[in-house]
Structure formats: C-alpha cells, structure tokens
Amino acid sequence: MLFRSEHATVGAHGGVFHTFDGVQAQFGERRAVDTPISEQAIIGLGVGAALTGLRPIVDLMFMDFICVALDQIVNQAAKLKYMFGGTATIPLTITTTGGAGLSAAAQHSQSLEALLVHIPGLKVVCPSTPEDAKGLIIAAIEDPNPVLFFEHKHLYRRIKGEVPDERYLTPLGEARIHQAGEDITVITWGAMVHTATEAAAELPDLSVEIIDLRTILPWDKEAVLASVRKTSKALVLHEDTRTGGFGGEIAATIAEEAFEHLDAPVRRVAAPDTPVPFAPVLEKAFIPQVADVAAALRSLSEY
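The shown structure was predicted, so the numbers you read here are calculated from the model rather than taken from an experiment.

Draft legend 1. Quick look at the packing of helix α8 (residues 192–201) against helix α12 (residues 290–301). Relative orientation of the contacting elements α8 and α12 amounts to 60 degrees, with a least axis distance of 8 Å. With respect to their mutual orientation, α8 and α12 come out oblique. For α8 against α12, the interelement crossing comes out right-handed. Residues Thr 195, Ala 196, Glu 198, Ala 199 and Ala 200 of α8 form the contact with α12, whose participating residues are Val 290, Val 293, Ala 294 and Leu 297.

Draft legend 2. Examining the sheet that holds strand β8 (residues 184–188) more closely. Strand order in the open sheet formed by five strands is β7-β9-β8-β11-β12, and the pairing between neighbours is mixed. Two strands bound the open sheet, and with one partner strand each, they are β7 (176–179) and β12 (267–271). Across this sheet, the average inter-strand angle for adjacent strands is 25 degrees, counted without regard to direction. The sheet contact formed by β8 and strand β9 (residues 208–212) spans five bridges and is parallel. By the bridge assignment for β9, Thr 188 is matched with Asp 212. Packed on one face of the sheet, helix α9 (residues 221–231) meets β8, β9 and β11 (234–241) and runs near 155 degrees to β8.

Draft legend 3. Molecular detail of the pattern of salt bridges. Inspection of every chain in the model, using the stated rule, returns nine salt bridges. With a closest N to O distance of 3.8 Å, Glu 198 and Arg 158 form a salt bridge. Here Arg 158 lies in helix α7 (residues 155–158) and Glu 198 lies in helix α8, a separation of 40 residues in the sequence. Look at Glu 198 and you get partly exposed, because its relative accessible area is 41%. Between Glu 209 and Lys 230 there is a salt bridge, with its nearest N and O atoms 2.7 Å apart. Within this pair, whereas Glu 209 is found in strand β9, its partner Lys 230 is found in helix α9, the two being separated by 21 residues in sequence.

Thresholds, definitions, all that
Residues numbered from 1 in each chain as written. Predicted model: local features only at pLDDT ≥ 70, side-chain atom pairs only at ≥ 80, totals over all residues. Heavy atoms only, no water. Axes fitted to C-alpha atoms, helices over the stretch in contact; angles between N-to-C directions. Helix = DSSP H or I, 4+ residues; strand = E, 2+ residues; numbered from the N terminus. Parallel < 35°, antiparallel > 145°, perpendicular 65-115°, else oblique. Left-handed = near helix turned anticlockwise from the far one by under 90°. Contact = heavy atoms within 4.5 Å. Pairing = 2+ DSSP bridges. Salt bridge = Lys/Arg side-chain N within 4 Å of Asp/Glu carboxyl O. Buried < 20%, exposed > 50% of the residue type's maximum accessible area, 1.4 Å probe, protein only.

See the structure below:
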C-alpha cells in the first residue's frame, strides 16, 4: 500500500518527480492512496497500517516536510516495537527526496539524514545509483523495521544506469566500494559519490578509494575501517551542513578505532552551517563542489 500527501499526488499525478507514474493505474486507488495534505496524518496512517500487518510505503515528496511529522516518526514508528517488547513490528518505508541543486530554496533543499540517524529504531538509506536504488527499496520494504529512504532529487536529472529487470535485494548496512584505490579513502553517500568520482578523476596521480555507504543507519563501519587501514588517509564528504553532520560520527569512529593507521588527520568536506540559498550562485557555493573535494584530496596527499 502506497500513501502520498501534498499537492502533487502520487496516484493521479505520479508524484512531483513522476517516480510513481502508473502505480495507481496498475494497482488501483485502494493500494495507491492520495491523501489530504497532512504529514502527521500520512505517517500516522502508515504506522497504523504497518501495525496491522501491511507493508506500507509513505511518500512525503520533500525531506524537509519530515519535520512536520517528527512526532509520528520519532515517538511512534521508531519506538513502538520496543514499547511492546518486540511483539509489534513496524515494516514501514518512508520515501522522500532531499538535497540541493535545483534552486528549490531553503524549505525544499535540505539534507536532514543526520537528524534521523540519531533516532534508535529507524534505518536510513541514501542510494547513489539506479541499480542500488532498486535493490535498496526492495530491502527496505521487506525489512520489519521503519526505514527512511532518501533519494537525492538532483540525481534524477544527472545519473542514468542499467537496472536489472529481475527482483534483487541490496542489503541494508552494507557499503559498496564505488572505486578502488590505495592512497586516500573518501567516505560518502548519495549525490556526493559522483562529486567524489569527478574530483578523483582530476587527480590522476592519486589513487583514491571511494566508499559509498548506501545505508547510513546502520552504517558499514568495518568496510570504512578496512579501507582507512589500507590507505592511511580519510576524507569524509557529505552535502549536509558540517556541524552535527553524520560525517562527524564517521570521523570520530576512525579516530577511535584506526588512529594508529592514520598518516594524516581525518578531513571533512561539507556544506556551511547556513540554510540552503535560493540564488543559483549562492546555492553552488553552499554545495560541496568538485574543486572543493579535489583541493581537500590534494591537501591530504601532501602529508
């Protein structure tokens, strides 16, 4: 069952980015349900449906709107399993889009994954490729816990790739080595995977390993530590603002568990601590760019 709020309905319209085109026509209005504009109500419907044995998918269009429904997500979906001693399960998938790059301004462009990662009981997924998006969404739907599935809206227009027709799972909590390397490890997810790839291509004298976390709760700590122990240098990259971003957790873990392998301080490249600007030139300055990542990689290589 798929619930969708907001003015761009998932059933009749296929969603604001048309990612649900044809769903209602194929499965009917009882399974692809257009709802009133109320984020709290839509998440509440999803929680209730999950408690009764369904596996609902709830779409909120923009990540920013999750803030309106935080009580339902944080105090209900994330906690009911624990409050009922494990007898209740919440197989709820919440899909939405995040990230900047489309001049959608401060209320439609945020990367808020770190806000939800702080909540025990939730899982948080951030795919970077079409193939992973399919495998991860199937894994999210099959998971017995509430999963937030964040797609970067700018990737809809930037990235294309082959997607197998057959059904397959991409395990939650398992990182992917997007690019193998020996000199520096970049840990990232979502759209920044592609920014890191472009930056590495501008430094052909450096062998850069890029780890795509894919899932940041749970995150694949062992894959990150194994790579850092090999390269001895680490750069954490994310589009979220720097202070309180999930990159700080990764950097702290590397410092605690792989300190003796490091030849340089762990570096972070992230957005500044401001709202996302509307003006394209300012928005570009806000989002970590290829040149920013390349400069950080070059600086690390000089240790």
